[in-house]
Amino acid sequence: MIQELKERLLSGGDITADEAYALASLLPERREEIHQAAAELTRRLASQTFDTCSIVNARSGRCPEDCKWCAQSAHYKTSADVYPLISREHCLQVAQLNRQGGVRRFSLVTAGRKMQGRDLERACDYYREMAAEGELSLCASMGLLNRQELEQLKQSGVTRYHCNLETAPSFFPSLCSTHSIEEKLQTIAAARQAGMEICSGGIIGMGESMDQRIEFALFLREIAPASIPINILAPIPGTPLESTPLITEEEVMDTVALFRFIHPRISLRFAGGRARLSPEATLRCFQIGINGAIVGDLLTTLGATLATDKTTALQAGYHL
């Protein structure tokens, strides 16, 4: 089955939902065979230029949403920083540092249900200045915006909008009650209508089953994002998920491999929570599916340094 699926994907076909669940059921007994097939799919179908992006936590804390994994929710007592929209000077300085470091993409990420009003206008001003400097591709992650607000960002130089679906539709309602996946889908559709690419992924290790990870990957296939960020839950004290057991490195690698079977050509991007992986596990993940990364510190959890990611990407055979 594994080789048949691989050959079909290499020939331009797709994996069906039933086949994806069946593939997952072969784990862990046929783990190495699945990983090797995923590695070949990555080498032959996915981009071999490792795509780096960096984010800045541009407005932090006091978010009215109750996402159980998030340190910035006002519903929980955590040690997350609280501050308004960063200054123009701070934003441009961080962008310049990333430009000098050779990062390909840069994004402002803001806490809260959505950016609007004067804060959104200020952010658009920042983007116009960054766009004028060139070199960086600009992204944004600013919540549940409408078509008009997204068009403002697009006109300011933003080419890709990030809105994570987070997890499987069957699991999401147990993790957040203040907004729905349907609202996220509306924002994604509006961003696409505004002329932007879509970046959408989520978090693994929040208590979901492997079948729910497959459900999530298949659901993402329906919206066809250009980039899928994969976060690994880093349980944060004060949040409802603070005592969630950590998933194993093998589970992380298995998930990456299965995502590659379901998304053979799309950029799979490591994001938050991966700092706890061993160098060996990180390299293997790059080989079997991960061909992009968010670099640097990631909102309220540590990421990985640009230098470390570049070294690992080169070891995995990617171009920079």
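First, a word on what this report is: a plain description of the structure on this page.

Turning next to the nonpolar core. Core analysis: the largest hydrophobic core is formed by 96 residues, its most contacted members being Leu108, Met142, Leu153, Tyr161, Phe261 and Phe270. Looking at which element gives the most residues to this core, the answer is helix α9 (residues 249-262), with eight residues. Among all residues touching Phe261, those that are not within four sequence positions of it are Ile2, Leu5, Lys6, Leu9, Ile15, Leu23, Ile34, Ala37, Ala38 and Leu41. Ranked by size, the runner-up nonpolar core spans five residues in total, among them Cys53, Ile55, Ala271 and Ile294.

Here the focus is the packing of aromatic side chains. Applying the stated criterion to the full structure yields four aromatic pairs. Taking the centre distance of 6.1 Å and the plane angle of 65° together, the rings of Phe216 and Phe259 count as edge-to-face. Of this pair, Phe216 sits in helix α8 (residues 210-223) while Phe259 sits in helix α9, and the two are 43 residues apart along the sequence. Residue class for Phe216 comes out buried when judged on its relative accessible area of 3%.

For the rest of this paragraph, the subject is helix α10 (residues 279-288). One turn of the α-helix equals 3.6 residues, which is why residues spaced by three or four share an orientation. Taken as a whole, α10 has its buried residues at Ala281, Thr282, Arg284, Cys285, Phe286 and Ile288. Of the surrounding elements, those touching the buried residues of α10 are α3 (31-45), α9, β8 (267-270), β9 (290-295) and α11 (306-315).

Packed helices, taken two at a time, are described by the angle between their axes plus the distance between the axes. Following both chains from N to C, one finds helix α1 (residues 2-10) and α3 inclined at 10°, their axes separated by 10 Å at the closest point. By the angle class used here, α1 and α3 are roughly parallel. The segment α1 lies against α3, with Ile2, Gln3, Lys6, Leu9 and Leu10 engaging Glu33, Ile34, Ala37, Glu40, Leu41, Arg44 and Leu45. Class assignment of the residues belonging to the contact of α1 with α3 gives a composition of seven nonpolar, one polar and four charged.

Following the sequence through the fold, Gln96 ends up in helix α4 (residues 88-100). Spatially, the C-alpha atoms of Gln96 and Met130 are 8.6 Å apart, while their sequence positions differ by 34 residues.

Glancing now at the environment of Leu136. Positionally, Leu136 belongs in the loop between α5 (117-133) and β3 (137-141). For Leu136, a relative accessible area of 8% puts it in the buried group. Remark: the alpha-carbon pair of Leu136 and Ala234, spanning 98 residues in sequence, is separated by 29 Å. Discounting chain neighbours no more than four positions away, the residues touching Leu136 are Ala95, Arg99, Val103, Arg104, Arg105 and Phe106.

Our next topic: the pairing of β8. What you see with β8 is no split at all: Ser267 and Arg269 on one side and Leu268 and Phe270 on the other are buried throughout. Relative to β8, strand β7 (residues 227-232) runs parallel, the two sharing four bridges. By the bridge assignment, Ser227 is partnered in β8 with Ser267. Each parallel crossover has a hand, and for β7 linked through α9 to β8 it is right-handed.

So, on to the environment of Glu129. Residue position: Glu129 is located in helix α5. Separated by 189 residues in the primary sequence, Glu129 and Tyr318 have C-alpha atoms spaced 31 Å apart.

Moving on, we get to the pattern of salt bridges. Applying the stated rule across the entire model yields 24 salt bridges. Residues Glu251 and Arg213 are paired through a salt bridge, measuring 3.5 Å at the closest nitrogen-oxygen approach. Highlighted residues: Glu251 in helix α9 and Arg213 in helix α8, separated in sequence by 38 residues. The exposure class of Glu251 is partly exposed, given its relative accessible area of 27%.

About the criteria used
- Residues numbered from 1 in each chain as written.
- Predicted model: local features only at pLDDT ≥ 70, side-chain atom pairs only at ≥ 80, totals over all residues.
- Heavy atoms only, no water.
- Core = buried A, V, L, I, M, F, W, Y, C linked by side-chain atoms within 4.5 Å.
- Buried < 20%, exposed > 50% of the residue type's maximum accessible area, 1.4 Å probe, protein only.
- Helix = DSSP H or I, 4+ residues; strand = E, 2+ residues; numbered from the N terminus.
- Contact = heavy atoms within 4.5 Å.
- Phe/Tyr/Trp six-rings, centres within 6.5 Å; stacked < 30°, edge-to-face > 60°.
- Axes fitted to C-alpha atoms, helices over the stretch in contact; angles between N-to-C directions.
- Parallel < 35°, antiparallel > 145°, perpendicular 65-115°, else oblique.
- Nonpolar A, V, L, I, M, F, W, Y, C, P; charged D, E, K, R; others polar.
- Pairing = 2+ DSSP bridges.
- Right-handed = clockwise from strand over helix to strand, strands pointing away.
- Salt bridge = Lys/Arg side-chain N within 4 Å of Asp/Glu carboxyl O.

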